[in-house]
Protein chains: 2
Amino acid sequence: MHGEIISVGTEILLGDIVDTNSAYLAKELSKYGIDVYYISSVGDNKERIKQSVINASQRSQIIFLTGGLGPTEDDLTKEALCEALEIPLYEDQNEVKRIKNYFKNREIEMSTNNLKQALIPEGAIILENTLGTASGLILEKDQRYYILLPGPPKEMKILFTNQVIPWLNNKLRTKGTFLHSHTLKFLGISESKLDWELQDIFKAQTNPTISILAKDGEIHCRLSAKVSSQEEFNEIITPVKEEILKRLREYYFASDDTRIEEIVGSLLNKKRWTLATAESCTGGLIAQRITDIPGSSRYFLGGIIAYDNAVKKNILGVPEEILEKYGAVSQETALAMAQGVRKLLQADISLAITGIAGPQGGTADKPVGLVYIALVGENINKWERFIFSGTRNDIRWRSANWALYLLKRSLEQFESRSF
Amino acid sequence: MHGEIISVGTEILLGDIVDTNSAYLAKELSKYGIDVYYISSVGDNKERIKQSVINASQRSQIIFLTGGLGPTEDDLTKEALCEALEIPLYEDQNEVKRIKNYFKNREIEMSTNNLKQALIPEGAIILENTLGTASGLILEKDQRYYILLPGPPKEMKILFTNQVIPWLNNKLRTKGTFLHSHTLKFLGISESKLDWELQDIFKAQTNPTISILAKDGEIHCRLSAKVSSQEEFNEIITPVKEEILKRLREYYFASDDTRIEEIVGSLLNKKRWTLATAESCTGGLIAQRITDIPGSSRYFLGGIIAYDNAVKKNILGVPEEILEKYGAVSQETALAMAQGVRKLLQADISLAITGIAGPQGGTADKPVGLVYIALVGENINKWERFIFSGTRNDIRWRSANWALYLLKRSLEQFESRSF
């Protein structure tokens, strides 16, 4: 079965946004053995959208269109598709109700042009959108399937995952092999060191194939194999995965889409421990990432963002002498911050971070990128020193990554080299 | 002049990499007044690359192809293009020398298939690649220009900037017009409401053209015009911009790439005011965004992340009665949090936020998405209530957007509807 993806939106052709939807869909479809031969983008222009649909229908059986389902004048995907396929649109009363409720629940007044979104092609399956007003649609015509999804990636992904995949699985009952992959994620090791450690495995690689990708200070190691079932996939990758982890266990933190903040959260939950944070250079980034996880209120009490030294002193109780003798960016201050916030919030364990994110503020002995991370709990009094490279954002992000990684290892009672 | 971009590579169709090259080229080309009507991706398959080239040549005058210029068997862009255009390839001796030297200098042994990269289409301009072995190429046939660039973004960008742009400027000297755009960014108004308010302007739009894009809870309104100079551009857009702002001034916060946190920062700097934050549902996101801005230590003292009610009570001093009578998510708690953090950190102005980010924790009278934002300063005691939609992350992000937006308006002493 051949698939094709068309992303609609002038903002893509102007380079204002990068079309990540197509990459996401392509990856998902490959898992179902659907070969995507063409991906294309077209602007908010009815004639050109029509032409793209007609081209696609001549070479592909399943055609995804993303974007252009909004309420505005230049949202034309549905209209263009229906003209191309000569399918009439009707106003669906359930959709009218749904859209009106959407605004009512949010106490926003609805402008009449929102009802444009209630126009549905005859015979289409409606994919309800719980995040926005634009429903997705599945249309069949002349043994071709047309799947319309909203442009905002979050909405597109939820509709695809919850509604298109089940539909797809029904259509593909008779599917053969598909490409399956499993990603091992590492922190605290460089790409070249990981490459070095696993060289013999890479050399021997056939099925699964292995690829390495450095991403936001993490190293991702992807194992891919063409298989006909999940069981077969597990059989193939398990020995390779075990061999890799045998060598690099201490750097491994999670697989696939699992984030380090989730791992930390579940470890805290398991231990029934509470966490508090004291942040200087990261300015709240660590707390923000921890609270990204639903249910984090069970273990995260809160934190102090001690950006100004007065806050370090007056609220966290970092002794004046320490600030004067060692400076705000020092192991002593980091430890005092962690001890201070733990006491203040009465947390089981606390994490503190102080450093120089730049671009200004660096000196010869304290350069931009210098970061101290401290971890304090009952019988825990740890600190580590880093010099991170990159932009202000890189330095802040990597500091947070390392802080979460050190917390994870400490919760697992791992022995760190430098601890 | 119509442009078209084709990215070649099976890894794109598998979703293993996101095609950022096309977005980069599209943005650059728009600056030169080249309208990109189609962007497409095709795999490492000679027939399909040929077909894509033929389709493109029928609708566009300047066609960019990126990727597939490497030494391996499945690098076929050059070969497919030459077959499609019936142009013979010859082995260019300078290229042979260059490639051999490339390996000699790096003390790597050259595999013979690297010489495949020395094959050049007759009549092509060679764009030398200082970073890799794949040269770029410019080909002309039947008043169509074909520009081949290597796939690695670094190499593609350098070749484009240093060699394609000068060539392009020569070709376009005659025309001398380019597309220029200016984006007005709005908060606190829905896409459909903005569309409704400006409909007459859209209907009348010719030059500049206007397009709307909703992005992370912001609404971006882009004015684009084909001009020959910045002055001409200003002349054209100024009246339209003024008319739009006359109607929607209260929702406008910044233009182009300027972020709301920068605006807030410069306003605080101007006033010489210090800021402190107290965050519950946003868990540090606001502080993190404020401290994203270099130099934010001049005006940002710090903040309290009061995730647990005990922190609201014990550290921010929110009265127990308020928490019991009105609950943690209420205007009273929001105000008390703001007052508390302002006193504690001795800040000129303070921002507090409490709400339900979900997915759990909602009730009939306090649904997921309910958020209270409070702002306290000398003679300032403001709060506002919202019901945000979307995922947990959407709700948190939009809460932070609104908090920053309310702070901005307050710093500008704007009158808000509900303030």
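Keep in mind that this is a model prediction, so the values were computed, not measured. (Residues numbered from 1 in each chain as written. Chains lettered and ligands numbered in written order. Predicted model: local features only at pLDDT ≥ 70, side-chain atom pairs only at ≥ 80, totals over all residues. Heavy atoms only, no water.)

Q: Would you explain the interface of chain A and chain B in this entry?
A: Accessible area lost upon the coming together of the parts is a frequently used measure of interface size. Contacts between chain A and chain B engage 75 residues on the former and 73 residues on the latter. Between chain A and chain B, a total of about 5,900 Å² is buried, with carbon and sulfur atoms accounting for 56% of that surface. The interface formed by chain A and chain B contains seven salt bridges. A salt bridge links B:Asp292 to A:Arg396; its shortest N-O distance comes to 3.1 Å. The class makeup of the residues in the side of chain A that touches chain B is 32 nonpolar, 26 polar and 17 charged. The pairing of strand β14 (residues 300-306) of chain A with strand β14 (residues 300-306) of chain B spans five bridges and is antiparallel. Its bridge partner being in β14(B), A:Ala306 is matched across the sheet by B:Gly302. (Contact = heavy atoms within 4.5 Å. Buried area = accessible area lost by both parts, 1.4 Å probe. Salt bridge = Lys/Arg side-chain N within 4 Å of Asp/Glu carboxyl O. Nonpolar A, V, L, I, M, F, W, Y, C, P; charged D, E, K, R; others polar. Pairing = 2+ DSSP bridges. Helix = DSSP H or I, 4+ residues; strand = E, 2+ residues; numbered from the N terminus.)

Q: Just to check I follow, could you spell out the sheet that holds β14(B) for this structure?
A: Backbone-to-backbone hydrogen bonds join strands into a sheet, with any given pair of strands oriented parallel or antiparallel. Taken in spatial order, the ten strands make up an open sheet running β17(A)-β16(A)-β15(A)-β13(A)-β14(A)-β14(B)-β13(B)-β15(B)-β16(B)-β17(B), and their pairing is mixed. For this open sheet the edge positions go to β17 (380-387) of chain A together with β17 (380-387) of chain B, each flanked by a neighbour on one side alone. Adjacent strand axes in the sheet meet at a mean angle of 10° when their direction is disregarded. Pairing between strand β13 (residues 275-279) of chain B and strand β15 (residues 349-355) of chain B: five bridges, direction parallel. Looking across to β15(B), one finds that B:Thr277 is bridged to B:Leu351. The strands touched by helix α14 (residues 331-345) of chain A are β13 (275-279), β14, β15 (349-355), β16 (370-377) and β17 of chain A; relative to β15(A), the strand with the most contacts, the crossing angle is about 145°. (Axes fitted to C-alpha atoms, helices over the stretch in contact; angles between N-to-C directions.)

Q: What's the story with the packing of helix α10 (residues 260-271) of chain B against helix α15 (residues 392-411) of chain B in this structure? I'm lost.
A: Residues and elements named next belong to chain B. At a minimum axis distance of 9 Å, the contact between α10 and α15 shows a crossing angle of 30°. What the angle tells us is that α10 and α15 run roughly parallel. Considering how the two elements wind past one another, α10 and α15 form a crossing that is left-handed. Judged by residue contacts, Ile 260, Glu 261, Ile 263, Val 264, Leu 267, Leu 268 and Lys 271 of α10 engage Asn 401, Leu 404, Tyr 405, Leu 407, Lys 408 and Leu 411 from α15. For the contact of α10 with α15, the per-class residue count stands at nine nonpolar, one polar and three charged. (Parallel < 35°, antiparallel > 145°, perpendicular 65-115°, else oblique. Left-handed = near helix turned anticlockwise from the far one by under 90°.)

Q: Before we go on, may I ask you to explain helix α14 (residues 331-345) of chain B in this structure?
A: Since one α-helical turn is 3.6 residues long, residues separated by three or four positions face the same way. Residue and element names in this part refer to chain B. With 15 residues, α14 extends 21 Å between its outermost C-alpha atoms, agreeing within 8% with the 21 Å of an ideal straight helix rising 1.5 Å per residue. Among all positions of α14, only Thr 333, Ala 334, Leu 335, Ala 336, Met 337, Ala 338, Gly 340, Val 341 and Leu 345 are buried. Just downstream of α14 lies Gln 346, where phi reads positive at about 50°. (Expected span 1.5 Å × (residues − 1). Buried < 20%, exposed > 50% of the residue type's maximum accessible area, 1.4 Å probe, protein only.)

Q: Would you mind going over the nonpolar core with me for this structure?
A: As a rule of thumb, nonpolar side chains are buried together in soluble globular proteins. The biggest cluster of nonpolar side chains holds 121 residues, and the ones touching the most others in it are A:Phe186, A:Ile244, A:Ile373, B:Phe186, B:Ile244 and B:Ile373. Those residues within four positions of B:Phe186 in sequence are excluded, and the remaining contacts are B:Leu194, B:Glu218, B:Ile219, B:Cys221, B:Ile244, B:Leu245, B:Leu248, B:Tyr251, B:Tyr252 and B:Phe253. Formed by 55 residues, the second largest nonpolar core is a distinct cluster that contains A:Leu301, A:Ala306, B:Leu345 and B:Ala352. (Core = buried A, V, L, I, M, F, W, Y, C linked by side-chain atoms within 4.5 Å.)

Q: I keep staring at the sheet that holds strand β1 (residues 2-8) of chain B and nothing clicks. Help me out?
A: Here twelve strands make up an open sheet; going across it, the order is β6(A)-β7(A)-β8(A)-β3(A)-β1(A)-β2(A)-β2(B)-β1(B)-β3(B)-β8(B)-β7(B)-β6(B) and the pairing mixed. Whereas interior strands pair on both sides, the edge strands pair on one side only; in this sheet they are β6 (125-127) of chain A together with β6 (125-127) of chain B. Mean inter-strand twist for the sheet, computed between neighbouring axes without regard to direction, equals 15°. Where strand β1 (residues 2-8) of chain A meets strand β2 (residues 35-42) of chain A, seven bridges bridge the pair, whose relative direction is parallel. Looking across to β2(A), one finds that A:Ser7 is bridged to A:Ser41. Lying over the sheet, helix α6 (residues 153-171) of chain A contacts β3 (62-66), β6, β7 (136-141) and β8 (144-149) of chain A, oriented at roughly 160° with respect to β8(A).

Q: Explain the side chain of B:Arg98 here, please?
A: Topologically, B:Arg98 is positioned in helix α5 (residues 93-105). Not counting residues within four places of it along the chain, the set of residues in contact with B:Arg98 comprises B:Glu128, B:Asn129, B:Gly132, B:Thr133 and B:Ser135.

Q: Before we go on, may I ask you to explain unusual backbone geometry in this structure?
A: A negative phi angle is the norm for most residues apart from glycine, just as the trans form is the norm for most peptide bonds. Here the bond from A:Gly358 into A:Pro359 is cis, since omega is 0°, no more than 30 degrees from zero. Secondary-structure assignment places A:Pro359 in the loop between β15 and β16. Positive phi values are uncommon outside glycine, yet B:Gln143 reaches one of about 55°. Take B:Gln143: its relative accessible area is 63%, and that puts it in the exposed class.

Q: What exactly am I supposed to notice about the domain arrangement of chain A here?
A: Residues and elements named next belong to chain A. Along its sequence, chain A is carved into domain 1 (2-171), domain 2 (178-255) and domain 3 (260-412). Here the C-alpha centre of domain 3 lies 31 Å away from the C-alpha centre of domain 2. The interface of domain 2 with domain 3 comprises ten residues on the first partner and nine residues on the second. Both sides of the domain 2 and domain 3 interface together cover about 770 Å² of buried area, and 57% of this is carbon and sulfur. Across the contact surface, domain 2 and domain 3 share one salt bridge. Our enumeration of links across domain 2 and domain 3 arrives at two residue pairs in polar contact (both at pLDDT 80 or more). Ranked by residue count, the leading element in the side of domain 2 that touches domain 3 is strand β12 (residues 252-255), at three residues. Taken together, the residues of the side of domain 2 that touches domain 3 sort by class into five nonpolar, two polar and three charged. (Domains from an automatic or database assignment. Polar contact = N/O pair within 3.5 Å; in protein donor to acceptor, adjacent residues only side chain to side chain.)

Q: Which parts of the structure should I look at to understand the layout of surface pockets?
A: Over the atoms, a rolled probe matching the size of one water molecule traces out where space is still vacant. Space inside the second largest pocket adds up to approximately 750 Å³. For the second largest pocket, the lining is made up of 30 residues, of which A:Thr10, B:Gln205, B:Thr209, B:Ile210 and B:Ser211 are closest to its centre. Breaking the lining of the second largest pocket down by element, the ones donating at least two residues are α1 (10-13) of chain A together with β2 (35-42), α8 (199-204), β10 (209-215) and β11 (218-227) of chain B. Tallied by class, the residues present in the lining of the second largest pocket amount to ten nonpolar, eleven polar and nine charged. (1 Å grid on protein atoms, 1.4 Å probe; cavity = no way out; pocket = protein on both sides within 12 Å on 5 of 7 lines; lining within 4 Å. Points joined across faces, edges and corners; volume = space filled by probe spheres on them.)

Q: Help me understand helix α5 (residues 93-105) of chain A in this model?
A: For α5(A), spanning 13 residues, the distance from its first C-alpha to its last is 18 Å, which sits close to the expected 18 Å at 1.5 Å a residue. Those residues of α5(A) not exposed but buried are A:Glu95, A:Val96, A:Arg98, A:Ile99, A:Tyr102 and A:Phe103. Buried positions in α5(A), seen along its axis, are confined to an arc of 165° and lie on one side of it. Exposed residues lying more than 90 degrees from the buried face of α5(A) are A:Asn94, A:Lys97 and A:Lys104. Here the buried face of α5(A) lies against β4 (89-91), β5 (119-121) and β6 of chain A together with α7 (191-197) of chain B. The residue sitting at the N-terminus of α5(A) and contributing the capping side-chain oxygen is A:Asp92; that oxygen lies 3.0 Å from the backbone nitrogen of A:Asn94. (Arc of directions from axis to C-beta.)

Q: What exactly am I supposed to notice about the pairing of β14(A) here?
A: Regular strands place their side chains on alternate faces of the sheet. Residue and element names in this part refer to chain A. Most of β14 is tucked away: seven of the seven residues are buried. Pairing of β13 with β14 involves five bridges; the strand directions are parallel. Residue pairing for β14: Thr 277 is matched across the bridge by Gly 303.

Q: Quick question: what am I supposed to make of the packing of aromatic side chains here?
A: Each aromatic ring pair is described using two quantities: the centre-to-centre distance and the angle formed by the ring planes. Across all of its chains, the model carries 20 aromatic pairs over all chains by this definition. Ring geometry for A:Phe386 against A:Trp402: centres 4.8 Å apart, planes inclined by 45°, an arrangement best described as tilted. Note that A:Phe386 is positioned in strand β17 and A:Trp402 in helix α15 (residues 392-411), a separation of 16 residues in sequence. Neither residue differs from the other here; A:Phe386 and A:Trp402 are each classed as buried. On the numbers, 5.2 Å between centres and 80° between planes, the contact of B:Tyr145 with B:Trp167 is edge-to-face. With a gap of 22 residues between them, B:Tyr145 in strand β8 (residues 144-149) and B:Trp167 in helix α6 (residues 153-172) connect regions that are remote in the sequence. B:Trp167 shares its class with B:Tyr145; the two are buried. Taken together, the aromatic side chains of A:Phe386, A:Phe388, A:Trp402 and A:Tyr405 make up a single cluster linked through ring pairs. Positioned above the aromatic ring of A:Tyr37 is the side chain of B:Arg48, whose terminal nitrogen or guanidinium carbon lies 3.5 Å from the ring centre. Sitting above the plane of the B:Trp397 ring, B:Arg289 keeps its charged end 3.8 Å from the centroid. (Phe/Tyr/Trp six-rings, centres within 6.5 Å; stacked < 30°, edge-to-face > 60°. Lys NZ or Arg CZ within 6 Å of the ring centre and 35° of its normal.)

Q: I keep staring at the environment of A:Leu198 and nothing clicks. Help me out?
A: Residues and elements named next belong to chain A. Here Leu 198 shows up in the loop between α7 (191-197) and α8 (199-204). Taking C-alpha positions, Leu 198 is 39 Å from Glu 155, a pair spaced 43 residues apart along the chain. Those residues within four positions of Leu 198 in sequence are excluded, and the remaining contacts are Ile 244, Arg 247 and Leu 248.

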